[in-house]
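Topology and contacts: notes
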Amino acid sequence: PRKLARGDMAKIFEDIESKAAVYNLKLEEITPDVNSLKETPGYLLIHLVVTGDFFQFREFLIDLGTIPSLVHIEELRIRAIEESREIKLKIWLAQE
């Protein structure tokens, strides 16, 4: 994976949000885990919460895989909510 420059954090958040919008998903939360930088230097853990159609979420996941700094998806949780799905993700990005 290509390492994310520290100054590119806002850009990657915007990129994830725009990817979600393409699939009619709503990005409810995007939170970097700053402690992960201390525990695993060079990698940043990000928590995402997305709501929307489950089948569109599959396409969103495939699109997330195109992010050059994405190392892996650690966790994926899906729960039914009123007329939709809530998906929680933990993703790791390589960072300088």
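Above this text is the structure in question.
Keep in mind that what you see is a predicted model, and the values were worked out from it rather than measured.

This paragraph deals with the overall build of the chain. Helices and strands together make up the secondary structure of the chain, namely three helices and four strands. Scaling as 2.2 N^0.38, a compact globule of 96 residues should have a C-alpha radius of gyration of about 12 Å, and the chain matches this with 13 Å. C-alpha atoms of the chain, sized along the principal axes, occupy 40 × 25 × 20 Å. Residues classed as buried in the chain amount to 36% of the 96 residues present. Surface summary for the chain: the accessible area is close to 5,900 Å², and the carbon and sulfur share equals 50%. In the chain, 13 side chains carry a positive charge and 17 a negative one; their mean positions are 4 Å apart.

Another point: the side chain of Asp63. Relative to the helices and strands, Asp63 is located in helix α3 (residues 54-64). For Asp63, a relative accessible area of 17% puts it in the buried group. One polar contact links Asp63 to Tyr23, side chain to side chain, over a distance of 3.3 Å. Contacts of Asp63, omitting those with residues within four sequence positions, involve Lys19 and Tyr23.

For Thr51, the position within the fold is in strand β2 (residues 43-52). Of the polar contacts made by the side chain of Thr51, one reaches the side chain of Glu28; its length is 2.8 Å. If sequence neighbours within four positions are ignored, Thr51 has contacts with Leu25, Lys26, Glu28, Ile81, Ser84, Arg85 and Glu86.

So, on to the sheet that holds strand β1 (residues 26-33). As summarised here, the arrangement of the four strands in space is β1-β2-β4-β3, forming an open sheet in which the pairing is antiparallel. Strand pairing shows two members of the sheet lacking a second neighbour, β1 and β3 (70-81), which therefore form its edges. Recorded for the sheet is a direction-independent mean angle of 15 degrees between the axes of neighbouring strands. For β3 and strand β4 (residues 84-94), the ladder comprises 10 bridges, and the chain directions are antiparallel. Across the sheet, residue Leu76 finds its bridge partner in β4, namely Leu89. Running over the sheet, helix α1 (residues 9-22) touches β1, β2 and β4 and is turned about 155 degrees from β1. Against the sheet, α3 contacts β2, β3 and β4, and its axis sits at roughly 10 degrees relative to β4.

The description of two aromatic rings rests on the distance between their centres and on the angle between their planes. Tallied over the entire structure, the rule returns two aromatic pairs. Ring geometry for Phe54 and Phe55: centres 5.6 Å apart, planes at 75 degrees, overall edge-to-face. Both rings, one in Phe57 and one in Phe60, keep their centres 6.0 Å apart while their planes meet at 45 degrees; by these two values the pair is tilted. Pair noted here: Phe57 and Phe60 are both in helix α3, with a separation of three residues, about one helical turn. Grouping residues by exposure puts Phe57 and Phe60 together as buried.

Definitions and cut-offs
- Residues numbered from 1 in each chain as written.
- Predicted model: local features only at pLDDT ≥ 70, side-chain atom pairs only at ≥ 80, totals over all residues.
- Heavy atoms only, no water.
- Helix = DSSP H or I, 4+ residues; strand = E, 2+ residues; numbered from the N terminus.
- Rg over C-alpha atoms; globule rule 2.2 N^0.38 Å.
- Buried < 20%, exposed > 50% of the residue type's maximum accessible area, 1.4 Å probe, protein only.
- Areas by Shrake-Rupley, 256 points an atom, 1.4 Å probe, with all protein chains shown as cover.
- Lys, Arg positive; Asp, Glu negative; His and termini not counted.
- Charge placed at Lys NZ, Arg CZ, Asp CG, Glu CD.
- Polar contact = N/O pair within 3.5 Å; in protein donor to acceptor, adjacent residues only side chain to side chain.
- Contact = heavy atoms within 4.5 Å.
- Pairing = 2+ DSSP bridges.
- Axes fitted to C-alpha atoms, helices over the stretch in contact; angles between N-to-C directions.
- Phe/Tyr/Trp six-rings, centres within 6.5 Å; stacked < 30°, edge-to-face > 60°.

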